[in-house]
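# Chain and residue survey
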Amino acid sequence: MVTITKPAEKIELDVVGKPVPRVDAREKVQGKTVFGYDLKFPHMLHGKVLRSQYAHAHIVSIDVSRAKALPGVKAVVTGKDIPAIHGPQVRDQPFMPIDKVRYRGEGVAAVAAVTEEIAEAALALIDVEYEELPSVFDAVEAMKPNAPQVHPGQEKYHREGAVNTPIPGTNCCYHFKLRRGDVEAGFAQADYVFEDTFTTQMVQHCAMEPHASIAQVDGAGKVTIWTHNDSPYRCRQSLSEALGMPMSKIRVIAPYQGGGFGGKGGLNTESYAVALALRTKNIPVRVAFSREEVFTSALVRHPSVVHIKSGIKKDGSLVARKVTIYWNTGAYAEKGPTVCRQASYPSAGPYDIPNVWIDGYCVYTNSTIAGAFRGYGAPQVCWAYESHTDIISRKMEWDPLWFRLRNAFQKGSLSATGETLTSIALKETIQRAAEAVGWGRGRAPNRGRGIACMHRNTNSPSSSNAFIKINEDGTVDVLTSTLEIGQGAYTVLSQMVAETLGVPIENVVMVTPDSDITPYDMSTTASRSTFHMGNAVLQAAADAKGQLLELASRALKVPMARLKMQDGRIFVSDEPDKGMTIPQVIVSRYGSRGGNIIGKGQYFPEDITSLDRETGQGAKPTSFWMYATQAAEVEVDPETGRVHVLKLVAAHDLGKTINPVTSVQQIEGGIITGLGSTLFEELLFDGAGVTLNPDFANYKIPTAMDVPPIQPILVEDAPHPDGPFGAKGLGEPVLAPTAAAIANAIFDAVGVRIKDLPISAEKVRRALKAAP
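Quick caveat: nothing in here was measured; it's all calculated off a predicted structure.

## Comments concerning the side chain of Arg 286
Secondary-structure assignment places Arg 286 in strand E15 (residues 285–288). Comment: no salt bridge for buried Arg 286; closest opposite-charge side chain is Glu 116, at 4.8 Å. Within the structure, the side chain of Arg 286 is placed 3.5 Å from the backbone oxygen of Leu 39, a separation counted as a polar contact. Excluding residues that lie within four positions of it along the chain, Arg 286 makes contacts with Tyr 37, Leu 39, Lys 40, Met 44, Leu 45, His 46, Gly 47, Ser 213 and Ile 214.

## Some points on the sheet that holds strand E13 (residues 223–227)
The strand order E4-E8-E2-E15-E12-E13-E14 describes an open sheet built from seven strands, whose pairing is mixed. Each edge of the open sheet carries a strand with a single partner, namely strand E4 (73–78) and strand E14 (250–253). Taking the axes of each pair of neighbouring strands and ignoring which way they run, one obtains an average angle of 20 degrees across the sheet. Here three bridges tie strand E2 (residues 45–51) to E15, and the two strands are oriented parallel to one another. Across the sheet, residue His 46 finds its bridge partner in E15, namely Arg 286. Here helix H3 (residues 116–123) sits on the sheet in contact with E2, E4 and strand E8 (107–113), set at roughly 25 degrees to E2.

## A look at unusual backbone geometry
Phi is mostly negative for residues that are not glycine, and the peptide bonds are mostly trans. Omega for the peptide link from Ser 460 to Pro 461 comes to -10 degrees, which places this bond in the cis form. Mapping Pro 461 onto the fold places it in the loop between strand E19 (447–456) and strand E20 (464–470). Of note, the amide linkage connecting Leu 757 to Pro 758 takes the cis form, showing an omega dihedral of 0 degrees. In the Ramachandran plot, Phe 261 falls in the positive-phi region, its phi being about 55 degrees despite a non-glycine side chain. Turning to its location among the elements, Phe 261 is positioned in the loop between E14 and helix H7 (269–277). Classification of Phe 261 as partly exposed rests on a relative accessible area of 31%. With a phi close to 65 degrees, Asn 446 is a non-glycine residue in the positive phi region. By relative accessible area, which is 29% here, Asn 446 ends up partly exposed.

## Brief notes about the sheet that holds strand E3 (residues 57–63)
The three strands are arranged E7-E3-E9 in an open sheet whose pairing can be described as antiparallel. What marks the edges here is a single partner per strand, and that holds for strand E7 (100–101) and strand E9 (127–132). The pairing of E3 with E9 spans six bridges and is antiparallel. Note that in E9 the partner of Ile 62 across the bridge is Val 128.

## Thoughts on the nonpolar core
If you look at the biggest cluster of nonpolar residues, it comprises 109 residues, and the most contacted ones within it are Val 634, Ile 742, Ile 746 and Ile 759. By residue number, the principal contributor to this core is helix H17 (residues 738–750), which donates nine residues. For Ile 742, the residues in contact, after removing those within four places along its chain, are Ala 632, Val 634, Val 645, Leu 648, Leu 675, Thr 678 and Leu 679. If you look at the next biggest cluster of nonpolar residues, it comprises 49 residues, including Ala 498, Ala 552, Val 585 and Phe 624.

## A few points about the pairing of strand E18 (residues 355–364)
Among the 10 residues that make up E18, nine are buried, leaving the element largely enclosed by the rest of the structure. Pairing between strand E10 (residues 172–180) and E18: eight bridges, direction antiparallel. By the bridge assignment for E18, His 175 is matched with Tyr 361. Note that the unit made of strand E17 (residues 318–330), helix H9 (residues 336–344) and E18 has a crossover that is right-handed.

Rules of the game
Residues numbered from 1 in each chain as written. Predicted model: local features only at pLDDT ≥ 70, side-chain atom pairs only at ≥ 80, totals over all residues. Heavy atoms only, no water. Helix = DSSP H or I, 4+ residues; strand = E, 2+ residues; numbered from the N terminus. Buried < 20%, exposed > 50% of the residue type's maximum accessible area, 1.4 Å probe, protein only. Lys, Arg positive; Asp, Glu negative; His and termini not counted. Salt bridge = Lys/Arg side-chain N within 4 Å of Asp/Glu carboxyl O. Polar contact = N/O pair within 3.5 Å; in protein donor to acceptor, adjacent residues only side chain to side chain. Contact = heavy atoms within 4.5 Å. Pairing = 2+ DSSP bridges. Axes fitted to C-alpha atoms, helices over the stretch in contact; angles between N-to-C directions. Core = buried A, V, L, I, M, F, W, Y, C linked by side-chain atoms within 4.5 Å. Right-handed = clockwise from strand over helix to strand, strands pointing away.

Okay, structure coming up:
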């Protein structure tokens, strides 16, 4: 059952807000969709990567002569052949290392051959001599003065924007600071002070589709790469900077992505494919990771350690909170610094707290590289602040629901950065989730209910651009660089276009993102597509609509104000029989030879303020905030510690629901991801950095049998004034509160508190046995 709560005033729309079937559904269920991993070209070569067997070592020498001599091998490259360096925030990562490997599984050489088998055989013929170095895998240990240095001299690296604050001589590549009020004075004024430490584990994205890219370099030296990268333009920029090549010489084409969840940003297979293609004389090279390579060498979610300390008054008000977070970013910074910034500044939680102190440390280790993962750090910090908030209420013998409502943000509240908050329905989500889960009602033995709320920003400022092309037959091409990664973006954007132009949604076609054809978009990340690209598409559609109405006004000889567009026609609103179809309007302007109407749109929020580097203060650091509350009901077996989740409720503040079907799919899918990382997902390593469970036989993800009934609640009480039709984002908050809601329910059921994810049956059983 899906509940949609709406404000009293409502504008009736024809397409937006309706449960329109996904525009790509039929193609996908029939198996006709071509994903990035499916692409194969005639006569293409197959690329394979030789990977380091050490977590930290000097490369003494690499001998590729035997591999090059193998029949069928067309190219072999190492870091010395292509000394290209990339990185979205800190330019610290080579295509392949020249002098030192920094994690086990790092690619040190790549081979292109006529078959995969020959390429694999060639890898075995490459001789690498290493000199092993001491390794460090834990972020807290890596911050100690005598820890092995993963990147000595890192302060010399090129850095982007606000991440220019490493701690020289340490493994900390970025230190985020936020200071609001006087936190020590706040603790002195508090009647009670509570302090806890929470940890989260390393998890894999586990997209159905592994990583793959095909690269080709033509006779003029232009690089074309087919890749399911979540940002074609950012991919192009990274390649341009790394290779010293003009952007006009690089083309990125992005087919459908079979799930990414943040793991298909940056350069993964792309760097190896391009490095090889630069040496294969116009022959395309495909590099596709095996599932084991995805587990050992692709991006993961940041493990974290979160210390949190809170001061409260007897009346239940929070007066001070101090948070210290260690983010294990692995061997290279990747998106770690922005994960650190974007997740650290909301890490005090969605509460009115006058005194806040936050330190976020993004730390190099010799672990697998961590990057963007759905939620961008929000699940890690929400796990900490919502478990901690529950601990306080339980120890004070307060109702956890009352304590949250007592302190929760509302319209006019000041955030930790000093922003005055608007468009907020957080308390509504708390109340509706609690009601739906049966909060306060009786329960059976060993059963419990838990609740957790959250807030999440988006990456700001960022730009989105769109073109609308209305064809001679009245169909509409939408040109954007937003990817369809399974989230339903093509459907939502098509609905906005159909609503604005008054055409059937079946007449709207989304064009495949292509940096030579579709205009700039920062990325399909950060829950930004509905808001940012939605605004750009609306502008482009309104531009095209205005041109059509102007042409129809001339042809019909009536003022534009009297015209209406609906069902592919333009007609006089008070004389509906007097009108023209869109093709007739185009003919009236261009004649029978035809022509196009081109609409243009760009969205870039001009009112975004940067955060002060010393205080973390800023009047508006994000285009919009997302708020949500989830509630869980669980049953715990006291003998085995097994946790059976009976029900999950998810109330999300959407502003405006563009499509309830895709919104529910986002919530259900996100909760399943959150369920996995809460109860059993964890990448395990031995002391040398070897991945112990690099496959789905040993790395457990939820199956259909693990998924409890999920009740989504779509809250529309606070439309965003700048959002398209009032909408905000949704994709990333959906898994953030899940872990804390379940942990809080476990405590309610059996009285034990787990502070380290995942919440395995073994941990619960040990806690029960240790309980007094």
